[in-house]
4 protein chains.
Amino acid sequence: MVQRKLQVAVSGLGRMGARHALHFLNLTPRAELVAAFTPEPSEVAWGRQHLEPSGCTIYTDYDEMLKHPGLEAVVVATATTVHAEQSIKAIKADLHVLCEKPLSTSVEMSQAVVDAAKAKPHLKVLCGFSRRFDTSYREAWERMDSGSIGRPAIFRSQTCDKLDPSGFFVDYAQYSGGIFVDCNIHDIDLALWYFGQDSVVKSVMAVGITAVQPELRKHKDVDNGVGVVEFWGGKIAYFYSSRMMAAGQHDMTEIIGTEGKLSVNANPMGSLVEMSEASGIRREIPPHYYGRFREAFVTEANEFTAACLDDTKLPFKLSGAVQAVKIGCALQESLNSGRKIYFDETGRRVEKAGL
Amino acid sequence: MVQRKLQVAVSGLGRMGARHALHFLNLTPRAELVAAFTPEPSEVAWGRQHLEPSGCTIYTDYDEMLKHPGLEAVVVATATTVHAEQSIKAIKADLHVLCEKPLSTSVEMSQAVVDAAKAKPHLKVLCGFSRRFDTSYREAWERMDSGSIGRPAIFRSQTCDKLDPSGFFVDYAQYSGGIFVDCNIHDIDLALWYFGQDSVVKSVMAVGITAVQPELRKHKDVDNGVGVVEFWGGKIAYFYSSRMMAAGQHDMTEIIGTEGKLSVNANPMGSLVEMSEASGIRREIPPHYYGRFREAFVTEANEFTAACLDDTKLPFKLSGAVQAVKIGCALQESLNSGRKIYFDETGRRVEKAGL
Amino acid sequence: MVQRKLQVAVSGLGRMGARHALHFLNLTPRAELVAAFTPEPSEVAWGRQHLEPSGCTIYTDYDEMLKHPGLEAVVVATATTVHAEQSIKAIKADLHVLCEKPLSTSVEMSQAVVDAAKAKPHLKVLCGFSRRFDTSYREAWERMDSGSIGRPAIFRSQTCDKLDPSGFFVDYAQYSGGIFVDCNIHDIDLALWYFGQDSVVKSVMAVGITAVQPELRKHKDVDNGVGVVEFWGGKIAYFYSSRMMAAGQHDMTEIIGTEGKLSVNANPMGSLVEMSEASGIRREIPPHYYGRFREAFVTEANEFTAACLDDTKLPFKLSGAVQAVKIGCALQESLNSGRKIYFDETGRRVEKAGL
Amino acid sequence: MVQRKLQVAVSGLGRMGARHALHFLNLTPRAELVAAFTPEPSEVAWGRQHLEPSGCTIYTDYDEMLKHPGLEAVVVATATTVHAEQSIKAIKADLHVLCEKPLSTSVEMSQAVVDAAKAKPHLKVLCGFSRRFDTSYREAWERMDSGSIGRPAIFRSQTCDKLDPSGFFVDYAQYSGGIFVDCNIHDIDLALWYFGQDSVVKSVMAVGITAVQPELRKHKDVDNGVGVVEFWGGKIAYFYSSRMMAAGQHDMTEIIGTEGKLSVNANPMGSLVEMSEASGIRREIPPHYYGRFREAFVTEANEFTAACLDDTKLPFKLSGAVQAVKIGCALQESLNSGRKIYFDETGRRVEKAGL
């Protein structure tokens, strides 16, 4: 008996959407890519060339795509601004959903996705925090969980993009929610993973500068940000994000416990080649996050597929994605107000007594 | 129009055969695994469970498998002793062949495969030197080829296995051809790749010891070998192979040129995690070659498939595999005789004048 | 003609004082250690054994020592609480001074040392920020200064001590001024060096926890602190300090500019030995700061000596030491109040408008 | 009571001689540099400027220098060709000797130094194998000696100089004894240290090329050499030496045992600075051996001094230096004859039976 394959559609065939489509098409044996949606003519053309020959129907109307016969799951990989809306529609159409991060740049909209998912408990709804599927991050988590570093107390994490002088990041900033919501959302999600999903934020403080792209200020954004998050119970996470790395993408994390430290990608390498030259010894690093996390995305596709087919648990809860957006938005607000933001032990926002 | 897929069979479902089968089944979009052969009951059982549900027929007779309707290509991944025979049979049955390395532990048998392939120039016949498909080795080659290290002159390469106290390597030694044919064959092949496939060997010398498994001597083998190969034209390759690494698999290579050096995997890492502990800073390394080269095997499967379907050139010539076996066998002979072996400028063996 | 040697005394023969004494005795060719002061009987005994045989007089009264015939310079290496007082006395006695960092835990007292030095412009008065004498920090500074990373914008630096379960750090906390004044003072000084000594602080924010030594709270201190300092003109420095590293001392720094990044000691090593073991590949790191900075201390002794003898400029101005203490104290205050602290463009403290 | 200082003279004020002189002058507290010899006018001038003001007498006649009143020890740092003669003269004059490596490029002359020393057992006679005084090599030895890698079996070591296009190495080759005697002598000495000073050589084989300086052939030398030495009892050492490294000096060593591996300087660094640039991440390495081994030379000076003053044992026996030269010369001979050289279990040279 040949095994049944999950019938999957991808919404959005931009940079990351196209990759998701190819992952489900070629590298997810238990899934079948049956449909894709994009309103962009150039993306439609790409889909006709690369997806249609394998039996995937290209739609230019999202609602039509949702009606594709036999469709079981949708990957939402459009612009962040429509993540929530499309996810909710798919859920209402009784489809499993893998939504790219973040669910939304607004806490309320993110929560709306969670609420929609709660109403359909038989569906799998996953927010695509790709690092959760990365072998090294998982290894680090397991080492921590086994007690190898004692009690985790300090968390440092950065998401640093290669300098892109084209101005891409300036345009992008109007939709991205800002550097803390767009970049550090990954690091915040990791902090919640490693410190425990029920960690309660105590204070948030962020600063930032526009070192290379002053036009970012018009979108209330920066190209380098430093944020510090205190959690109740004696834990601190601090973050750095940047859009001006010279060498390439450098995302890294340290989890520091009472008895040891785990670091992930402290020494990035694009390959295993080192070059000895007149100017010294050199290695190159991946230019973009996909060079670092490609395998994680493929694992994400396969695990999402397996959870849908076998009705097994997803590796993490959707509600954490709201918590991550909440912290990201608070950091972005602190960046712009210049003020520290305080929360009580239930996570409710408070004014600092006595100020 | 849905694209045609290459109809592939795998011969042998042992450790590596099973991996090849899964690569063609799940990770080679343009191929379809339609048949597998193994005489081993336990492997048959594995195949029935993991391959048959996806439409793959399991054979216990190799010749029968060759007759599988529509079959176009065979992956030969049985014991080294039958590599050549099975490859030749498949070629004669007008099938493309991907044969695991080495073609044979004998130069003559290896040459017989090449001769069979020559008689069928429309077929793709590939010897599975997996490192040729590895991203890092390819990057190093391209850097060298672009002149970044000047003229390559010295080549150092090692294949070092994790210590296996089970005695596996002792049994294995009766069929493997010896450590220089089994392990360093990869390094020899790399030397021929980087120095040029037409490099002519000038002398060969090897020594070795049995540091952990003295029983290897009964199969004229060792657990640690050092070999030096001179090539005409002023080039030297030197090799190390070992069966007693404590930390795991450590295969590495240096290509040293007149203006620089390239190293591949000088600092092995099993993941991107580093651990800071009371005893220092530690990283783990892959225990086995598959942990290092998995991606290369998948690329091999995909490129072999594409070459068969599109009738394009394979990335390297089959005849080089004979040259590699010739050098490996000479090293093994030198190890056992204690003598240096000399070749003239045409590669023919000679006695050193004046001895 | 045999060259004249600087006549030097060391005040304090504790851990670091004893080292200074030996550096001046054995590794500073142009200096002669002629006197040492300590009120501690055990330190007197050590001095009698190790210094007296080489012609160094041991004093138990600081003022007496200052009158040692021919004395030209004093190294103040006593407890931080008397740094300023002893330095001022020595300056008033017309002696050159090398004072261990910090000048004082109070901004006012630090300023008093600077004022005393200003009144005697012919004297060399140096605050012993050892990292300023470290080869690697100097190399990084020169690379930055030559424009190799564009304009420096983000500075990250940490001073992390090995866990000392003896309770040493708890006792020490009553005098140290707190973790930001004791540990991060180095990182603050580096930030001022790399960003420019005239950088004006804009805001300061710190948080901290007591992960391993809760008793620190009684001295208003923590064992892990994170601090963020904004400078006017678009520069950010962020710091981490810790008393609970498992592997050893790990002090490191990154200077991130618009065109590149310099890191100092990102990968600490106690020696050049790496160990491949069943548990992986491991290196050890120095247990204490002296293992990392010994050479810098020796360079400091030699350069201080040369500046005194030759009446040449010291490598950096004393006034910066006050600025470093000011920032350190503000971080410590922010840690304890939980509030962010703001400064105007002249560096004067202000309340954030509108709060 | 002020401690007595060893009265030391340095013979030769060339590159390394001048360094020895400064080490004894400035960094060896228990020694006093009282005399120096050089026939070279430019070196005399240097000595007058840098040594004489500190009370060191400059001689242009070696025999005169030996008569310097109160002289106790001589450091022989002239050209290799006169090492042995000067050492023997000094021994006969009843002086302790620290002779730069190698004692001689001839086995007989080296033995003559050992014989002279044997006749004066109260003298300390040391061959300056600087790596024996290096912290990292010592740490590796202690780890090995404590059993951490099981039984050592394979030893790999390289001495690789930065490319010097000036032709220096060609001129130098007429006196150096060849690359195996000049460079790999260090590695051979290390092999004897780690494998045991009484290890008996079983066979020797070397090959080499002139990749960058073909003129070396007229001095029977090469710019890249690979040598393999078998020892009786199942141990192998293999060596690489080169004069064409692009990045700088890279001397490294691996000791591979039945339960682990120790590597020394597998990842060379000139400083603790790493640079992230558009072309990747880069570190520089020391251009010359002195950048790597400066500390070892200083330790050598201090330990030699202490052994002379306190009449304690030197860290290793002089006779090993003869064994190292013997192996180095055999490698050089094998390089030039193209033949493998055999020794019986007493270390006597034999023809391979049956050839």
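Here the structure is a predicted model, which is why all the values come from computation and not from measurement.

Draft legend 1. Here's a closer look at the UniProt feature "domain: Gfo/Idh/MocA-like oxidoreductase N-terminal" (unreviewed entry) in chain A. Here, UniProt's "domain: Gfo/Idh/MocA-like oxidoreductase N-terminal" (unreviewed entry) annotation points to residues 7–121 of chain A. End-to-end, the C-alpha atoms of residues 7–121 of chain A are 19 Å apart, and along that stretch the chain is 45% helix and 21% strand.

Draft legend 2. Layout of the interface of chain B and chain D. Contacts between the two partners involve 40 residues from chain B and, on the opposite side, 40 residues from chain D. Roughly 3,300 Å² of surface becomes buried between chain B and chain D when both sides are summed, with 65% attributable to carbon and sulfur atoms. Of all residues in chain B, B:I209, B:Y238 and B:R339 give up the largest surface area on contact with chain D, accounting jointly for 16% of the area buried on that side. Inspection of the chain B/chain D interface yields zero salt bridges. Elements that contribute at least two residues to the side of chain B that touches chain D include exactly β7 (152–162), β8 (201–209), β9 (224–231), β10 (235–245), β11 (252–257) and β12 (260–264) of chain B. Per-element tally for the side of chain B that touches chain D: the top contributor is β10(B), with six residues. Here the residues of the side of chain B that touches chain D sort into 20 nonpolar, eleven polar and nine charged.

Draft legend 3. Inspection of unusual backbone geometry at higher detail. The residue after C:K101, namely C:P102, is reached through a cis peptide bond having omega -15°. Mapped onto the secondary structure, C:P102 falls in the loop between β5 (96–100) and α5 (107–118). At A:N265, a residue that is not glycine, the phi angle is positive and equals roughly 65°. By secondary structure assignment, the location of A:N265 is in the loop between β12 (260–264) and β13 (273–277). With a phi close to 55°, D:K220 is a non-glycine residue in the positive phi region. By secondary structure assignment, the location of D:K220 is in the loop between β8 (201–209) and β9 (224–231).

Draft legend 4. Quick peek at helix α6 (residues 135–145) of chain B. All names here are of chain B. Residues of α6 that are buried include every one of S136, Y137, R138, E139, A140, R143 and M144, and no others. Structurally, the start of α6 carries an N-cap: the backbone nitrogen of S136 is 3.2 Å from a side-chain oxygen of D134. Directly after α6, the chain includes G147, whose backbone phi takes a positive value near 90°.

Draft legend 5. Examining the side chain of D:H186 more closely. Position of D:H186 among the secondary structure elements: in helix α9 (residues 184–195). When neighbours within four sequence positions are excluded, D:H186 is seen to be in contact with D:K101, D:F129, D:S130, D:R131 and D:T159.

Draft legend 6. View of the domain arrangement of chain A. All names here are of chain A. Split into domains, chain A comes out as domain 1 (6–128) and domain 2 (132–293 + 323–350). A straight line from the C-alpha centre of domain 1 to that of domain 2 covers 27 Å. Taken together, the 14 residues of domain 1 in the interface contact 13 residues of domain 2. Here domain 1 packs against domain 2, burying approximately 1,100 Å² in sum over the two surfaces, 66% of which is carbon and sulfur. At the boundary of domain 1 and domain 2, one finds one salt bridge. With a closest N to O distance of 3.6 Å, K101 and D182 form a salt bridge. In this structure, the connection of domain 1 to domain 2 is made through two residue pairs in polar contact (both at pLDDT 80 or more). Only α1 (15–26), α4 (80–92) and α5 (107–118) provide two or more residues apiece to the side of domain 1 that touches domain 2.

Parameters and conventions
- Residues numbered from 1 in each chain as written.
- Chains lettered and ligands numbered in written order.
- Predicted model: local features only at pLDDT ≥ 70, side-chain atom pairs only at ≥ 80, totals over all residues.
- Heavy atoms only, no water.
- UniProt positions renumbered as here; feature names shortened; annotations may be inferred.
- Helix = DSSP H or I, 4+ residues; strand = E, 2+ residues; numbered from the N terminus.
- Contact = heavy atoms within 4.5 Å.
- Buried area = accessible area lost by both parts, 1.4 Å probe.
- Salt bridge = Lys/Arg side-chain N within 4 Å of Asp/Glu carboxyl O.
- Nonpolar A, V, L, I, M, F, W, Y, C, P; charged D, E, K, R; others polar.
- Buried < 20%, exposed > 50% of the residue type's maximum accessible area, 1.4 Å probe, protein only.
- Polar contact = N/O pair within 3.5 Å; in protein donor to acceptor, adjacent residues only side chain to side chain.
- Domains from an automatic or database assignment.

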